[in-house]
Structures are given as C-alpha cells and as structure tokens.
Amino acid sequence: MQYGAFSTDSLMSITNRPDLVFERGEGSWLYDHQGKAYLDFIQGWAVNTLGHCPPEIAAALAAQAGKLINPSPAFYNGPMIELASLLTANSVFDRVFFANTGAEANEGAIKLARKWGRLHKDGAYEIITFGHSFHGRTLATMSASGKAGWDTIYAPQVPGFPKAIYNDIATVNEKIGPKTVAVMLEPVQGEGGVIPADIEFLKALRELTTARGILLIVDEVQTGMGRTGKLFAYEHAGITPDIMTLAKGIGGGVPLAALLAREEICCFEPGDQGGTYNGNPLMTAVGAVVLKRLLSPGFLAGVEARGQYLSKRLLELSVKHGLQGERGSGLLRALVLADERGPDIVRRALEGGPTGLLLNSPRPNLLRFMPALNVSEAEIDQMIAMLDTLLQGAQLA
Ligand SMILES: *Cc1c(COP(=O)(O)O)cnc(C)c1O
C-alpha cells in the first residue's frame, strides 16, 4: 500500500499485513493512519505488559536517553545491575545475562547447557524439547521448536533436539540417553495454542531431570513477567528449574530479554557469550520500571483476578455459542471454537465497525487473548461484547 510519499513494497514480505498503518497507542487502544481505534487484545504479541505507551516507560526512556544510551557490553551500567539484582532477588536464579530477543535468550540457554554438558556430562549436548513447542526463529531455536514444517524449511537443522510429547512424562524418560544434557519447555505452550503443562507433569519433570543429573530449562518468554498471575509460571508448580529465559513482557514493548541460571550452572567464561547491545542501559532501565510495577502491592493479584474474570466471561460465550470451552493461565487464554473460523473472526474483528478489535488465532479453531496485564474489567467486557457479535456472524457495530 501507499503511505504518504512511501510504499510498503520497500519492505520484505514476511507476513500478510492488513492495509493499515498504526500510528499511536494508549493503554488498551491502538489508532491507525485513518484515526480508527482498535481494542487491542494482542498487545504487540504479549509484550506490552503495561499497555501501549505507559507514561512510566516513556519517562524512563527519555530520562535514560538523556543520560547514557550504550557504553558497550564490556562495561557495567547502572540499570543493568539494578534489573539483574531485582530478577535474582525475586526468582530462584542467581545470575542474569541480558539479550535482546527471546530467540537470542534461548540460544544462550542452549549454549549454557551444552557448555555445562561438556564440563560435567562427558560432552552430552542433546536437549529434549516438545512437539508443538515454540522457542524462536534463529536456526538453533527453530530446530528446538516442534512446529510442523520447521524441520525442512531451512534444512539442515541444528542437531540435538529430540522431541517428546508435552504432558507425557514417559516419552521424556524414553528420550533420555547418555547424550542428554537438558529438557527445555514452555510452562504454557503459547504459539502452540495456549496449552498449559500440568502441574504434576512439571513436578515429575523436575524429579526426573534431577534423578538423571540433567538440567531443566523453562522458556518463560511468553509466560514470565506476571502473565500467568505469578511473576514466573514455574512458581505455580513450586519447582526450581536450573535455567530460565525471559523476553516479551520484560521490556514492556521494547526489545529486552534475559537468560537466568542458578549459580552451579553458570559456566560461561569471558569470551563464551556476548552481543553488542546486550544489557544496554536504555532497555534495562525500562525492564526495571516494568518489574517494579509488577512487584508493586496488589499488581499480580490483579492479574490473577482479571485472568479469572476473562476466563469466566469466555466460558459464558462458549456456552452461549456452543463452543468447546476456554483454557490458559492468568491473562494468557484461548477460546476453543467448534470449527475453524478463527482466522475469519480475526479478520472481521479488524475490519468491522467504527471501532475494531485485535485478536489472534494461533490455530484455526482457536482465539488467543494476551491483553495488557493492567487491562480493566470494563475493557474485558467491551471485548466480550464485540466477540459475541462476531460469533453471531454479525458485523461490529
Ligand atoms: C515469542 C517466543 C519466543 C521468541 O521470542 P522472540 O523475541 O520473538 O525471539 C521464544 N519462546 C517463546 C515461548 C515465545 O513465546
């Protein structure tokens, strides 16, 4: 499409984007180039923890930009130290490495596990992952992912990622061999269709990996930072993983990610791991603002409460329209349709009405909801009313 003097044809086509340009965001609302408003239940793909353009993030960026943007990762900076300290104080982990994207944090987790395997497990390097999992779009993280078709699209894959079946501990046990160094999973499979791991499965995984002397890696890129109502999703199972990765919500919308590990596992030596932008103060200053807000009194309880409210309202819609129920954890939820009209609903939600609605359909029979963690009940009600209209096959009013 044409946008003023410019054309979108200058961009590589990597996804089918609708013919609109978003120019402004505020809280749960986005505004396009024609001024149309959209109620946003995607929030930058579960990244805008505090909604669009929260004043505290804008202020932190402006203040930090006026002070120090990037001294290089070869030096300490204040926000990097503060955020790492806050993360270790509020998790079971002892040390943090900052990255820019979830895929990069997961690459770091894979490297850390492989190095640990070289030092302590006779060169073991295999990391057991799961069918339908999603760990990112670098070559190694695509190989780790269990997404259909990803084994051939950029073949050959990076070797060393045997796949087990999610929520099936016997299949994990079967895959463990002398070359196994770790098991890696998402506590809720987000891209795979909002499929939570059973608490019993997570506990059994921790027991099994401990008994076999291998590492447990949780990819909390989507579930971490309050999304499920706890600061980190592993807390629901009361387990202590060895390695965790974070991205998406930690930056509240800006590119920031983290790799965390327990002290015994931290075996990187100078030169093993790095990256030009990693730990830069501009992004870590934002991460500190986001985390402090999540830790403020009542915030996570509010996520939990509105997660339950969203769940209840989705269930009502499911009953009313004869759908197959809803599932998820906290404010990461999915409505299971009775047919494959997810993409059609997403399109009509976007295109209809004077006011649009942004939803995601990770599978054709599923709608996914990942609102800002400070979304209001009134906004949930408004979304439900719009979705009710769409499920009736009608246009948004
Ligand atoms: C989004 C996601 C990633 C990849 O993060 P990027 O920032 O897109 O690289 C990895 N793991 C999970 C579970 C995710 O949801």
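Residues numbered from 1 in each chain as written. Predicted model: local features only at pLDDT ≥ 70, side-chain atom pairs only at ≥ 80, totals over all residues. Heavy atoms only, no water.

Asks: Any chance you could break down the overall build of the protein chain for me, citing the residues and the numbers?
Replies: Within the protein chain one finds 12 helices and 18 strands. Taken over C-alpha atoms, the radius of gyration comes to 21 Å for the protein chain, in line with the 21 Å a tight globule of 397 residues would show. Overall, the protein chain is about 65 × 50 × 45 Å in size when its C-alpha atoms are taken along their principal axes. When burial is assessed residue by residue, the protein chain has 54% of its 397 residues classed as buried. Taking contacts inside the protein chain between residues at least 6 apart in sequence as the whole, the part at least 24 apart equals 70%. Carbon and sulfur atoms form 55% of the exposed surface of the protein chain, whose accessible area is close to 17100 Å². (Helix = DSSP H or I, 4+ residues; strand = E, 2+ residues; numbered from the N terminus. Rg over C-alpha atoms; globule rule 2.2 N^0.38 Å. Buried < 20%, exposed > 50% of the residue type's maximum accessible area, 1.4 Å probe, protein only. Contact = heavy atoms within 4.5 Å. Areas by Shrake-Rupley, 256 points an atom, 1.4 Å probe, with all protein chains shown as cover.)

Asks: Which residues make up the pattern of salt bridges, and what values go with them?
Replies: Note that side chains of opposite charge can pair when their charged atoms are close. The final tally for this structure, using the stated rule, is 17 salt bridges. Salt-bridge contacts for D272 lead to K115; the nearest nitrogen and oxygen are separated by 2.7 Å. Taken together, the positions of D272 in the loop between β14 (257–261) and α9 (281–295) and K115 in helix α4 (residues 102–120) put the pair 157 residues apart, joining distant regions of the chain. A relative accessible area of 29% means that D272 is categorised as partly exposed. The buried category is assigned to K115, whose relative accessible area is 9%. For R368, the salt bridge identified is with E191, shortest N-O distance 3.0 Å. With a gap of 177 residues between them, R368 in strand β18 (residues 366–369) and E191 in the loop between β10 (188–189) and β11 (195–196) connect regions that are remote in the sequence. (Salt bridge = Lys/Arg side-chain N within 4 Å of Asp/Glu carboxyl O.)

Asks: Please provide a residue-by-residue account of the site of the ligand, values included.
Replies: Near the ligand the following residues occur: T101, G102, A103, N106, F134, H135, G136, E186, D219, V221, Q222 and K248. A distance of 2.8 Å is found between an oxygen atom of the ligand and a backbone nitrogen or oxygen belonging to G102. Note that an oxygen atom of the ligand is positioned 2.8 Å from one of the backbone N or O atoms of A103. Surface burial for the ligand is 82%, taken as the share of its 380 Å² of free accessible area covered by protein chains. Per-class residue counts for the shell around the ligand are 3 nonpolar, 6 polar and 3 charged. (Near = heavy atom within 4 Å. Polar contact = N/O pair within 3.5 Å; in protein donor to acceptor, adjacent residues only side chain to side chain. Nonpolar A, V, L, I, M, F, W, Y, C, P; charged D, E, K, R; others polar.)

Asks: Quick one: what's the story with the sheet that holds β18, residue by residue and with numbers?
Replies: In space, the 3 strands of this open sheet follow the order β15-β16-β18, with antiparallel pairing throughout. Each end of this open sheet is capped by a strand with a single partner; those strands are β15 (326–329) and β18. Going across the sheet, the axis of each strand differs from the next one's by a mean of 15 degrees, ignoring polarity. As paired strands, β15 and strand β16 (residues 332–336) are joined by 4 bridges and run antiparallel to one another. (Pairing = 2+ DSSP bridges. Axes fitted to C-alpha atoms, helices over the stretch in contact; angles between N-to-C directions.)

Asks: Residue-level account of the domain arrangement of the protein chain, with values.
Replies: In terms of domain boundaries, the protein chain breaks down into domain 1 (18–47 + 298–396) and domain 2 (55–295). Taken residue by residue, the interface counts 23 residues in domain 1 and 25 residues in domain 2. For the domain 1 and domain 2 pair, buried surface summed over both sides reaches about 2000 Å², with 57% attributable to carbon and sulfur atoms. The largest contributions to the domain 1 side of the interface with domain 2 come from V47, L300 and L332, which together make up 29% of the buried area. Summed over the shared surface of domain 1 and domain 2, the number is 1 salt bridge. (Domains from an automatic or database assignment. Buried area = accessible area lost by both parts, 1.4 Å probe.)

Asks: Just give me the short version of a nonpolar patch on the surface, but keep the residues and values in it.
Replies: There is a patch of nonpolar side chains on the surface, built from L139, I153 and Y154 and spanning about 330 Å² of accessible area. Within the secondary structure layout, I153 lies in the loop between α5 (139–144) and β8 (163–164). Taking the relative accessible area as the measure of exposure, I153 reaches 48% and is therefore partly exposed. (Patch = residues over 30% accessible without salt bridge, like charges linked within 9 Å, V, L, I, M, F, W, Y side chains within 5 Å.)

Asks: Give a description of the sheet that holds β14 that names residues and reports values.
Replies: Taken in spatial order, the 7 strands of this open sheet run β6-β14-β13-β12-β9-β7-β8, and their pairing is mixed. Every interior strand has two partners, whereas the edge strands, β6 (95–99) and β8, have only one. In this structure, strand β7 (residues 126–130) lies alongside β8, joined through 2 bridges in parallel fashion. Residue pairing across strands places F130 opposite A164, the latter belonging to β8.

Asks: Describe in detail the packing of aromatic side chains, supporting the description with residues and values.
Replies: The full count for this structure, using the stated rule, is 7 aromatic pairs. Geometrically, the ring pair formed by F130 and F201 is edge-to-face, given 5.9 Å between the ring centres and 80 degrees between the ring planes. On the criterion of sequence distance, the pair formed by F130 in strand β7 and F201 in helix α7 (residues 199–211) is long-range, its members being 71 residues apart. Among the residues examined, F130 registers a relative accessible area of 1% and is labelled buried. By way of ring pairs, the aromatic residues F93, F232 and Y234 are connected into one cluster. For R24, the ring lying beneath its charged end belongs to Y31, and the centroid distance is 4.1 Å. (Phe/Tyr/Trp six-rings, centres within 6.5 Å; stacked < 30°, edge-to-face > 60°. Lys NZ or Arg CZ within 6 Å of the ring centre and 35° of its normal.)

Asks: Now, about the packing of helix α10 (residues 299–321) against helix α12 (residues 377–391): what can you tell me, with residues and values included?
Replies: Across the interface, α10 lies against α12 with an axial gap of 11 Å and an inter-helix angle of 20 degrees. Relative to α12, the element α10 is oriented roughly parallel. Here the hand of the crossing between α10 and α12 comes out right-handed. Across from R306, Y309, L310, R313, L314, L317, K320 and H321 in α10, the residues of α12 making contact are E377, I380, D381, M383, I384, L387, D388 and L391. For the contact of α10 with α12, the residue count by class is 9 nonpolar, 1 polar and 6 charged. (Parallel < 35°, antiparallel > 145°, perpendicular 65-115°, else oblique. Left-handed = near helix turned anticlockwise from the far one by under 90°.)

Asks: So what about the environment of A182? Which residues, and what values?
Replies: The topology assignment puts A182 in strand β9 (residues 180–185). Residues A182 and I127, spaced 55 residues apart in sequence, show a C-alpha to C-alpha distance of 4.7 Å. Not counting the four nearest positions on each side in its chain, A182 is found in contact with A113, E126, I127, I128, I214, L215 and I217.

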